[in-house]
Each structure stands twice: as C-alpha cells, then as structure tokens.
Amino acid sequence: MSLKKDIRVWTIFISLVVSIMTVLLLSIFLNFDLTANSLGTKILSLNESETSSANVVTSVVTYFRGFDTLGEVTILFLSIFGIGLGLDGYKDKLNIFAYENKLLKIAVDVLFPLIILFGFYIIIHGHLSPGGGFQGGVVIASAFLLMFLAKDDDFALNHKIISLAESLSGAGFILLGLLGLLVVDRFFGNFLPTGVVGNLFSGGVIPLIYIFVGIKVSAEITALVEYFIRIKDVR
C-alpha cells in the first residue's frame, strides 16, 4: 500500500472517530437535565446557604472545588520555578524591551499605583463581581511590566520582598484549607460568618482565599516577567 493510500485511510478513520464522538457529545448535551434537579440549581442553592457569595463562579472555584484551585496554583509555581532554573544561567542580563519615551516615563509614575489599586480591587471584590485572585494578580503584574518598559534598567525588583510575599501568601492559602479541615471537617471549608449577599464583608473564607491567591499570582507573574524581559538572549 502506497503512502498516499495510508494517509487517506488514516484520514477517513480519524474523521469517522471524530464524527462519532461529536454525535455522542451532541446527544449528551441535548439530553442534559435542565430541570430543578440539575447540578447548576443545586450549586446555586448551596451557594446561597453556605457562602452567600454574589459571584457563584467564585464559590465554585474557591469553595466547591478548592483542591483544583490548589492544583492550579501549584502548577503555576512549578512552571515559573522551572523557567527560573532554566534562565538563571544567563548572566548577561539587559532590559531589551525598554521603550525610550519621555511621556511614558512621566505617565508611568501616575499609572503604576492606579494599576496596583485596580488589581487589588479586582481581588478583594472577586466574590461580588467578575474577577478574583488570578485576574487581579495578573493586573498587578502588568503594572510592573509597565515599569520595566518605561524605566529601563533604572527599575529593579526587590527579590527578597517578592519571595517573601510569594511564600507567605502560599502558606496562608494552605493554612486556610487546613483550618477549614480542622473546624468544619472539610478542606477549605467555611469557618467564618457568611454575611449578607452583596456586601463587601460576605462570602466567608472566599475573600481571604482570593487575597492570598492574588498576592501569590502577582508575585510569581512579576518574577516571570522580569526573567523574560531582562535576559538578552531570550527574545
């Protein structure tokens, strides 16, 4: 059998498998139960009684599947740790992305604290509106990226503070999970008053979880940005 015939057979076979899987998935989706007994309805009911969070997505991410969030934070840490190990051997470091612009240099002094404030706003209000620790952490890291672009080599990170913030936030995140296990017999279980839905001080432990996640993500992404922006050989 020629190579063309082999490719044609494999193409037909893969197309057939994909078609069957598509039909099966469509049949599952079309028969999905959307009645009062559906999973979404149960989650909404549990969210109202257990967390009082206005943002149900936040409850799912940090409360109902806290182990998954712990895994995501761990993967992020290991990824940046691996990148750091791989790039730390480059000793000739230079900011190759700096943009010489006087307007940018003047504006960054005003924009930097505003972006940091906005990032913390997203973190703290994650249980009330779309956002949370991951999104707010990336916004904070973008403020440091702007400083790298505007200030060239005049701006440098304090790695001791970055490492301390990353370590303490990670430890606080795990501690909240263990406290939930000890107090209510559930990892990341809620042991704080839930408050009133829509108020800032509501959601139980969810705002605290997002604060620790936001600080950890912002520290790690900021370190990652510096790794890539200051190494001359990596473009």
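In this report, we go over the structure that sits alongside the text.

Scoring rules and cut-offs
Residues numbered from 1 in each chain as written. Predicted model: local features only at pLDDT ≥ 70, side-chain atom pairs only at ≥ 80, totals over all residues. Heavy atoms only, no water. 1 Å grid on protein atoms, 1.4 Å probe; cavity = no way out; pocket = protein on both sides within 12 Å on 5 of 7 lines; lining within 4 Å. Points joined across faces, edges and corners; volume = space filled by probe spheres on them. Helix = DSSP H or I, 4+ residues; strand = E, 2+ residues; numbered from the N terminus. Phe/Tyr/Trp six-rings, centres within 6.5 Å; stacked < 30°, edge-to-face > 60°. Buried < 20%, exposed > 50% of the residue type's maximum accessible area, 1.4 Å probe, protein only. Axes fitted to C-alpha atoms, helices over the stretch in contact; angles between N-to-C directions. Parallel < 35°, antiparallel > 145°, perpendicular 65-115°, else oblique. Nonpolar A, V, L, I, M, F, W, Y, C, P; charged D, E, K, R; others polar. Left-handed = near helix turned anticlockwise from the far one by under 90°. Contact = heavy atoms within 4.5 Å. Salt bridge = Lys/Arg side-chain N within 4 Å of Asp/Glu carboxyl O.

## With respect to the layout of surface pockets
Step number 1: Counted as a void, the second largest pocket has a volume near 250 Å³.
Step number 2: Around the second largest pocket, the lining is made up of 15 residues, and of these Ile140, Phe144, Ile161, Ile162 and Ala165 lie nearest the centre.
Step number 3: Those elements that place two or more of their residues in the lining of the second largest pocket are helix H5 (102-124), helix H6 (133-151), helix H7 (159-184) and helix H8 (206-229).
Step number 4: Of all the elements, H8 adds the most residues to the lining of the second largest pocket, at four residues.

## Re the packing of aromatic side chains
Step number 1: Using the criterion set out here, one finds three aromatic pairs in the structure.
Step number 2: Seen from their ring centres, Phe112 and Phe144 are 5.2 Å apart, and the 85° between their planes marks the pair as edge-to-face. With a gap of 32 residues between them, Phe112 in helix H5 and Phe144 in helix H6 connect regions that are remote in the sequence.
Step number 3: Residue Phe144 is classed as buried on the basis of its relative accessible area, which comes to 17%.
Step number 4: Considering the side-chain rings of Phe187 and Phe188, the 4.6 Å spacing of their centres and the 70° angle between planes classify their relative orientation as edge-to-face.
Step number 5: Ring pairs connect the aromatic residues Phe173, Phe187 and Phe188, which therefore count as one cluster.

## Looking at the packing of H5 against H6
Step number 1: Closest axis-to-axis distance for the H5/H6 pair is 8 Å, and the angle between their directions is 170°. Compared by their axis directions, H5 and H6 come out roughly antiparallel.
Step number 2: Within the contact of H5 with H6, the residues separate by chemical class into 18 nonpolar, six polar and three charged.

## Quick word on the packing of H7 against H8
Step number 1: Interaxial distance between H7 and H8 falls to 8 Å at its minimum, and their mutual angle equals 145°. The way H7 lies across H8 gives a crossing that is left-handed. Along its contact with H7, which presents His159, Ile162, Ala165, Glu166, Ser169, Gly170, Gly172, Phe173 and Leu176, the element H8 presents Leu208, Ile209, Phe212, Val213, Ile215, Lys216, Ala219, Glu220, Thr222, Ala223 and Glu226.
Step number 2: When grouped by side-chain class, the residues that make up the contact of H7 with H8 number 11 nonpolar, five polar and four charged.

## Comments concerning the pattern of salt bridges
Step number 1: A complete count under the given rule lists two salt bridges for this structure.
Step number 2: Of the charged contacts, one joins Glu220 and Lys216 as a salt bridge, the two residues approaching to 3.1 Å between their closest N and O atoms. Here Glu220 and its partner Lys216 are both found in helix H8, four residues apart, which amounts to about one turn of the helix.
Step number 3: Residue Glu220 is classed as buried on the basis of its relative accessible area of 5%.

## Topic: unusual backbone geometry
Step number 1: Here Phe188, not a glycine, exhibits a phi torsion of approximately 65°, which is positive.
Step number 2: Within the fold, Phe188 resides in the loop between H7 and H8.

## So, the environment of Pro130
Step number 1: Mapped onto the fold, Pro130 is located in the loop between H5 and H6.
Step number 2: What makes Pro130 exposed here is its relative accessible area of 79%.
Step number 3: The spatial distance from the C-alpha of Pro130 to the C-alpha of Ala54 is 9.8 Å, given a sequence separation of 76 residues.

## Section: the side chain of Ser202
Step number 1: Residue position: Ser202 is located in the loop between H7 and H8.
Step number 2: Not counting residues within four places of it along the chain, the set of residues in contact with Ser202 comprises Ser52, His127, Leu128, Thr194, Gly195, Val196 and Pro207.

Any link to function would need more than the numbers given here.
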